[in-house]
Amino acid sequence: MSSEDANPAATPTPGVDTQGDGRWMSLHNHFVSNSKDKEPDVLFVGDSLVQLLYQFEVWQDLFSPLHALNFGVGGDATQHVLWRLSNGELGHISPKVVVLWVGTNNHGHTAEQICGGIMAIVQLIKDKLPKAYTLVLGVLPRGKMPNPLRERNAQVNKLVQEAVSSLPHASLLNVDPGFVHSDGSISHQDLYDYLHLTPQGYQAVCQPLHAHLKGLLEKQAEN
Amino acid sequence: MSGDEINPAAVAQAVEDVQGDDRWMSQIWRELFSPLHALNFGIGGDTTCNVLWRLQNGELDNIRPKVRFNWASTGPEREKSTAQGNSFVPVMHFIQIRTPNQYLIGPLQVTVVWVGTNNHEHSAEQVAGGILAIAQLLTSRLPKTKVVVLGLLARGDGPNPLREKNAAVNGFLRSWLPRLGQAQFLDVGAGFVHSDGTISTRDMFDFLHLTAAGYRAIAKPLSDLLLQILDETPEEKRASLV
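Criteria and thresholds
- Residues numbered from 1 in each chain as written.
- Chains lettered and ligands numbered in written order.
- Predicted model: local features only at pLDDT ≥ 70, side-chain atom pairs only at ≥ 80, totals over all residues.
- Heavy atoms only, no water.
- Helix = DSSP H or I, 4+ residues; strand = E, 2+ residues; numbered from the N terminus.
- Rg over C-alpha atoms; globule rule 2.2 N^0.38 Å.
- Buried < 20%, exposed > 50% of the residue type's maximum accessible area, 1.4 Å probe, protein only.
- Contact = heavy atoms within 4.5 Å.
- Phe/Tyr/Trp six-rings, centres within 6.5 Å; stacked < 30°, edge-to-face > 60°.
- Expected span 1.5 Å × (residues − 1).
- Salt bridge = Lys/Arg side-chain N within 4 Å of Asp/Glu carboxyl O.
- Axes fitted to C-alpha atoms, helices over the stretch in contact; angles between N-to-C directions.
- Parallel < 35°, antiparallel > 145°, perpendicular 65-115°, else oblique.
- Left-handed = near helix turned anticlockwise from the far one by under 90°.
- Nonpolar A, V, L, I, M, F, W, Y, C, P; charged D, E, K, R; others polar.
- Core = buried A, V, L, I, M, F, W, Y, C linked by side-chain atoms within 4.5 Å.
- Arc of directions from axis to C-beta.
- UniProt positions renumbered as here; feature names shortened; annotations may be inferred.
- Pairing = 2+ DSSP bridges.
- Right-handed = clockwise from strand over helix to strand, strands pointing away.

1. Section: the overall build of chain A
Point 1. Helix and strand counts for chain A stand at 8 helices and 5 strands.
Point 2. For chain A, the N- to C-terminal ordering of α and β elements is α-α-β-α-α-β-α-β-α-β-α-β-α.
Point 3. In terms of C-alpha radius of gyration, chain A reaches 17 Å, essentially the compact-globule figure of 17 Å for 223 residues.
Point 4. In terms of overall dimensions, chain A has a C-alpha envelope of 45 × 40 × 40 Å along the principal axes.

Structure follows, in structure tokens:
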């Protein structure tokens, strides 16, 4: 029996419409059909931190020029991203790099389970896009002051780092520029609700990410 | 609203260039609402109950800006788990940077209320009642302050029960609010639903939250109304307001 059966974070699961307007599936369908005439070099996939990135100037400045597509869905946990990528979102595109940023919404899961979910996505991408490189972004700290979710997220990053260290087609990039201050607090100027990034927060995250991405794309071009 | 039906030659260049452009989001607040000395107390996911609680527990106590926005931005339900509460309020961060101290310049003249789309457990009539209760609280605590209630927007990719519910809420508000005297209803949702019943992700990136283009579309009629209200209050009267 594979461990995925026992790990809810690694079991493809569609989003459930609890509100009444079916937006999760609408977004998924929109991504699938939207990708049909695009040829992105980079695909960003994940949760709200990916989704909102598209709404800010930094996307146009840094990632549009790299021919990037954005398949972020707010609220998504690893099992939702796994479902989306298994059900059409990778069907019409062959990006050279997939940027994966997910894990903070896996409520009720252990750090081990979340790592398992992230690694299941990495494996799926390898299966569907054998030539693509997956760049996993570290899960950010959250909450105004120290709390269990910060510890969980840090542990996820540690486990993922270990898991990808032996893989030639994936790596983990820590994009936290130091959001947690010496007194343990996070500033609303970086994370306006202590979870989501302000433009300033995005700038701090995206500058190094962009540089790293460009390096990866250049390496991919050489292969 | 996404620009398809508009003559491109009659549209200022900046309108074309809003998709994903943070400058427009900040520019909307900076250009239209900042000069009105506005504060924003929006929290993603809030229901009418949450907003009521916040207003009853300190948010009205210490500040007297000219215009305050009380809007509960849309977001996933909170009762699913206390650890959730992801909110999609790109516009919010611009407001949190300001401190109340900067705005001890004059009495509160207008409060803008925008809430109700997250009240998933409540009927349309209940939701309208909750919004009315907020308006009543504001007019009783701040008798000289006008209240502008924004209509709930349509949501979802195509027709669905929540659109009907939000429209019903707006219907109740249209008839109830004028009875409060100091409160009025403003519908800013015209144009978001296309003739085929769809909403474009260029206006609402997840069929719920507004893009920069979407915000600009609603900000104009709102700022026009606010300017009109602020103009209606003569200088001498403003000086005597507490």
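2. As for the overall build of chain B
Point 1. Within chain B, the secondary structure is distributed over 8 helices and 5 strands.
Point 2. For chain B, the α and β elements follow one another from N to C terminus as α-α-β-α-β-α-β-α-β-α-β-α-α.
Point 3. Relative to its 242 residues, chain B shows a buried fraction of 56%.
Point 4. Within chain B, counting contacts between residues at least 6 apart in sequence, those at least 24 apart form 79% of the total.

3. Some words on the packing of aromatic side chains
All names here are of chain A.
Point 1. One pass over the structure, following the stated rule, counts 8 aromatic pairs over all chains.
Point 2. A ring pair is formed by Trp24 and Trp83, whose centres lie 5.5 Å apart and whose planes are at 55 degrees; its orientation type is tilted. On the criterion of sequence distance, the pair formed by Trp24 in helix H2 (residues 23–34) and Trp83 in helix H5 (residues 78–89) is long-range, its members being 59 residues apart.
Point 3. For Trp24, a relative accessible area of 13% gives the class buried.
Point 4. Exposure remark for Trp83: the relative accessible area of 16% places this residue in the buried category.
Point 5. Between Phe56 and Tyr202, the aromatic rings sit 5.5 Å apart at their centres with planes inclined by 45 degrees, giving tilted as the arrangement. Here the residue Phe56 occupies a position in the loop between helix H3 (48–53) and helix H4 (57–63), and Tyr202 occupies one in helix H8 (residues 199–222), the gap between them amounting to 146 residues. When sorted by exposure, Phe56 lands in the same class as Tyr202, which is buried.

4. Notes on helix H6 (residues 111–128) of chain A
Point 1. Taking 1.5 Å per residue, 18 residues should reach 26 Å; H6(A) reaches 26 Å between its end C-alpha atoms and fits that length.
Point 2. Inspection of H6(A) places Ala111(A), Ile114(A), Cys115(A), Gly117(A), Ile118(A), Met119(A), Ala120(A), Ile121(A), Val122(A), Leu124(A) and Ile125(A) among the buried residues, and these make up the whole buried set.

5. A few points about the pattern of salt bridges
Point 1. Under the definition given, this model contains 13 salt bridges over all chains.
Point 2. Of the charged contacts in the structure, one is a salt bridge between Asp37(A) and Lys38(A), with a shortest N-O distance of 3.7 Å.
Point 3. With relative accessibility at 64%, the residue Asp37(A) sits in the exposed group.
Point 4. The class for Lys38(A) is partly exposed, based on a relative accessible area of 31%.
Point 5. Its salt-bridge partner being Arg84(A), residue Glu89(A) comes within 2.8 Å of it at the nearest N-O pair.
Point 6. Classification of Glu89(A) by relative accessible area gives buried; the value is 0%.
Point 7. Overall, Arg84(A) belongs to the buried group, its relative accessible area being 0%.
Point 8. If you follow the salt bridges from partner to partner, you end up with Asp21(A), Arg23(A), Arg155(B) and Asp206(B) in one network.

6. Observations concerning the packing of helix H5 (residues 124–141) of chain B against helix H6 (residues 161–176) of chain B
Residues and elements named next belong to chain B.
Point 1. Orientation of H5 relative to H6, taken along the N-to-C sense of each, is 45 degrees, at an axis distance of 8 Å. For the element pair H5 / H6, the angle class is oblique. In the packing of H5 onto H6, the handedness of the crossing is right-handed. Of the residues in H6, those touching H5 at Ala124, Glu125, Val127, Ala128, Gly129, Ile131 and Leu132 are Lys165, Ala168, Val169, Phe172, Leu173 and Trp176.
Point 2. For the contact of H5 with H6, the class distribution of residues is 10 nonpolar, 1 polar and 2 charged.

7. Observations concerning the nonpolar core
All names here are of chain A.
Point 1. Ranked by size, the top nonpolar core spans 39 residues in total, and within it Leu85, Leu100, Ile118, Ile121, Ile125 and Val160 carry the most contacts.
Point 2. Of all the elements, H6 adds the most residues to this core, at 10 residues.
Point 3. Setting aside its immediate chain neighbours within four residues, Ile118 contacts Thr78, Leu100, Val102, Val136, Val156 and Val160.
Point 4. Counting residues in hydrophobic clusters, the runner-up holds 35 residues, among them Phe56, Phe63, Phe179 and Tyr202.

8. Quick word on helix H3 (residues 48–59) of chain B
Point 1. Looking at H3(B), one finds that the buried residues are Thr48(B), Val51(B), Leu52(B), Arg54(B) and Leu55(B). The buried residues of H3(B) occupy an angular sector of 160 degrees when projected down its axis, which confines them to one face.

9. Things to note about the UniProt feature "domain: SGNH hydrolase-type esterase" (unreviewed entry) in chain A
Point 1. Mapped onto this numbering, the UniProt entry gives "domain: SGNH hydrolase-type esterase" (unreviewed entry) at residues 44–204 of chain A.
Point 2. A distance of 18 Å separates the end C-alpha atoms of residues 44–204 of chain A, which is 41% helix and 14% strand.

10. Structural notes on the sheet that holds strand S3 (residues 97–101) of chain A
Within a sheet, neighbouring strands are paired by backbone hydrogen bonds and run either parallel or antiparallel to one another.
All names here are of chain A.
Point 1. Read across the open sheet, the 5 strands follow the order S2-S1-S3-S4-S5; overall the sheet is parallel. Only two strands of the sheet have a single neighbouring strand rather than two, namely strand S2 (68–72) and strand S5 (170–173). Direction aside, neighbouring strands of the sheet carry axes that sit 20 degrees apart on average.
Point 2. Examined bridge by bridge, strand S1 (residues 42–46) and S2 share 5 bridges and lie parallel to one another. In the strand pairing of S2, Val42 is matched with Ala68.

11. Considering the side chain of Thr145(B)
Point 1. Assignment of secondary structure puts Thr145(B) in the loop between H5 and strand S4 (146–150).
Point 2. With residues up to four places along the chain from it excluded, the contact list for Thr145(B) reads Leu108(B), Gln109(B), Val110(B), Thr111(B) and Gln182(B).

12. Some thoughts on the environment of Ser123(B)
All names here are of chain B.
Point 1. Residue placement: Ser123 occurs in the loop between strand S3 (110–114) and H5.
Point 2. Here Ser123 falls in the partly exposed class, since its relative accessible area comes to 35%.
Point 3. A C-alpha to C-alpha distance of 7.6 Å links Ser123 and Lys165, two positions 42 residues apart in sequence.

13. A look at the pairing of S4(B)
All names here are of chain B.
Point 1. Of all 5 residues in S4, 4 are buried, a share of seventy percent or more.
Point 2. Bridging between S3 and S4 involves 4 bridges; their strand directions are parallel. What sits directly across from Thr111, in S4, is Val147.
Point 3. Between S3 and its parallel partner S4, the chain crosses via H5, and the hand of that crossover is right-handed.
Point 4. Of the pairings in the sheet, the one linking S4 to strand S5 (residues 183–186) comprises 4 bridges and is parallel in character. By the bridge assignment for S5, Val148 is matched with Gln184.

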